[in-house]
Amino acid sequence: MLAPLALVANLASEVYMSLASPAQRPLSTAAGHRRFFDVQAHRGGRGNTVENTLPSFAWGLIDGAATLELDNGITKDGHVVVWHDEEITAAKCVDTHPVHPNDPAFPYVGKYIANLTLAQLRTIDCGSKRQHGYPMQLTYPGTRISTLDEVFDFVECADPQHEVLWNIESKIDARHPNRTLGVADFVGRQHAAFRRSPYRDSITYQSFDWRTLVAMKKLDSTVVTSALIDDETGLMPDNSTTPWLAGLRLDAFPGPTLSQQVAQAASHIGVDVLSPGAESFATPVLDPAMDGFVPFATREMVEEAHRLGLLVKPWTVNRMNIVEQLLDWKVDGIISDYPNVVRRLVKQQGLPTAPKFPKQRVLGCLEEHMRKQQGW
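A brief report on the enclosed structure follows. Computed from a prediction, not measured in an experiment: that's the story for all the values here.

1. Things to note about the state of the cysteines
Then, in step 1: Taken as a whole and assessed by the stated rule, the structure comprises two disulfides.
Then, in step 2: Covalent S-S linkage joins Cys157 and Cys365, the inter-sulfur distance amounting to 2.0 Å. Because the sign of the S-S torsion sets the handedness, a value of about -80° for the bond joining Cys157 and Cys365 places this disulfide among the left-handed ones. With Cys157 in helix H4 (residues 148-158) and Cys365 in helix H12 (residues 359-374), this pair connects stretches of sequence that are 208 residues apart.
Then, in step 3: With relative accessibility at 25%, the residue Cys157 sits in the partly exposed group.
Then, in step 4: Judged by relative accessible area, which is 5%, Cys365 ranks as buried.
Then, in step 5: When the bonded cysteines of the chain are counted from the start of the sequence, the pairing works out to 1-2, 3-4.

2. Focus: the packing of helix H8 (residues 258-268) against helix H9 (residues 299-307)
Then, in step 1: Close contact between H8 and H9 brings their axes to 8 Å; oriented N to C, the two are set at 30°. By the criterion of interaxial angle, the relationship of H8 to H9 is roughly parallel. As H8 runs across H9, the sense of the crossing is right-handed. Each of Ser259, Gln260, Val262, Ala263 and Gln264 in H8 lies in contact with H9, whose residues at this interface are Glu300, Met301, Glu304 and Ala305.
Then, in step 2: Of the residues assigned to the contact of H8 with H9, the class counts are four nonpolar, three polar and two charged.

3. Overview of the nonpolar core
Then, in step 1: Membership of the largest hydrophobic core comes to 85 residues, with the highest contact counts inside it found for Leu148, Phe154, Val155, Trp166, Trp210, Leu274 and Ile334.
Then, in step 2: Listed in part, the 14 residues of the second largest apolar core include Val109, Leu116, Leu118 and Leu121.

4. Here's the deal with the pairing of strand S6 (residues 224-229)
Looking along a regular strand, one sees side chains alternate from face to face of the sheet.
Then, in step 1: Taken across its six residues, S6 has six buried, putting it largely inside the fold.
Then, in step 2: Side chains Val224, Ser226 and Leu228 project from S6 onto one buried face, and the interleaved Thr225, Ala227 and Ile229 project onto a second face that is buried too.
Then, in step 3: Where strand S5 (residues 203-207) lies against S6, four bridges are found, and the strand directions are parallel. By the bridge assignment for S6, Tyr205 is matched with Thr225.
Then, in step 4: The β-α-β motif built from S5, the intervening helix H6 (residues 210-219) and the parallel element S6 has right-handed crossover chirality.
Then, in step 5: Note: S6 against strand S7 (residues 273-276), four bridges, orientation parallel. Residue Ile229 lies in a different strand from S7, and its bridge partner there is Pro276.

Calculation notes
- Residues numbered from 1 in each chain as written.
- Predicted model: local features only at pLDDT ≥ 70, side-chain atom pairs only at ≥ 80, totals over all residues.
- Heavy atoms only, no water.
- Disulfide = S-S within 2.5 Å.
- Helix = DSSP H or I, 4+ residues; strand = E, 2+ residues; numbered from the N terminus.
- Buried < 20%, exposed > 50% of the residue type's maximum accessible area, 1.4 Å probe, protein only.
- Axes fitted to C-alpha atoms, helices over the stretch in contact; angles between N-to-C directions.
- Parallel < 35°, antiparallel > 145°, perpendicular 65-115°, else oblique.
- Left-handed = near helix turned anticlockwise from the far one by under 90°.
- Contact = heavy atoms within 4.5 Å.
- Nonpolar A, V, L, I, M, F, W, Y, C, P; charged D, E, K, R; others polar.
- Core = buried A, V, L, I, M, F, W, Y, C linked by side-chain atoms within 4.5 Å.
- Pairing = 2+ DSSP bridges.
- Right-handed = clockwise from strand over helix to strand, strands pointing away.

This is the structure:
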């Protein structure tokens, strides 16, 4: 029999799930956990470990994230790699040596991924630098950028039952098409990597560039898609049509509020999930407990999205007061740099959380796959 406290928590979980979006799906689908609230490890958990690396995904699993969130770029020679930025920045990575003597592209740091081959990327150390904004971040010197296939292989080692979910973003630049490969390259190559993976049915495909979401659904209607948006991609300062929303204008939708227009626009392109920024870039303060806080995601945005059958999973939520506010609004998931901390609060509120993966097994797989990196 359940102890009284456990019984209360279990009942609270059932009540929450009954109030959640009617579009929520069984655990086996990528759109959301029916059994678990979807705590997502942003870039693997950037606050805890150097981002978008095998170590970050290892700790995301150990910390009990339901979903691993990550980004994809595409190299000059067509490989899908796991990295957030369009270019290799000196703040995150350091050169080691050229891929061959007198390589004219060396040094590689500072170059766009689209202008570098996978072999050139392999030489760069992206695990040695702790980010100034994340002072508790674990570093893993010598860590290389991985391909998406390699990340899938590592996680499968730690997760042989394929329980973890994925939220994978296309890092395509709608404003500057010369900085990344185009829509067809991203959609085609990412989809091929998804289909090769044992996690093919556990992947959500997300993007700020809604052209890729439309194209992915056209290519494969079974892929779960998520529309990323914030006030910088949804609206242009001069009121011109934003390049990010596949030619749509938010003011073309009935609303009547901007929050409702955002949900209506996302529904219009046929996505399964709306993923808005939690806070507005215009907010003068960082926390809803402070006077003047301006959110981007709002209660009425969540309610309108749910009315239209969409799940809602805001990003990047690193303050507990915002987490509590979003939970009160009945969002379906939260993307955070600190999935371990968000998971604790979710659990404290009696909501169901995904189990943590066995630390010894995960770290054993990490050691094995890091050795493979060093042998490239």
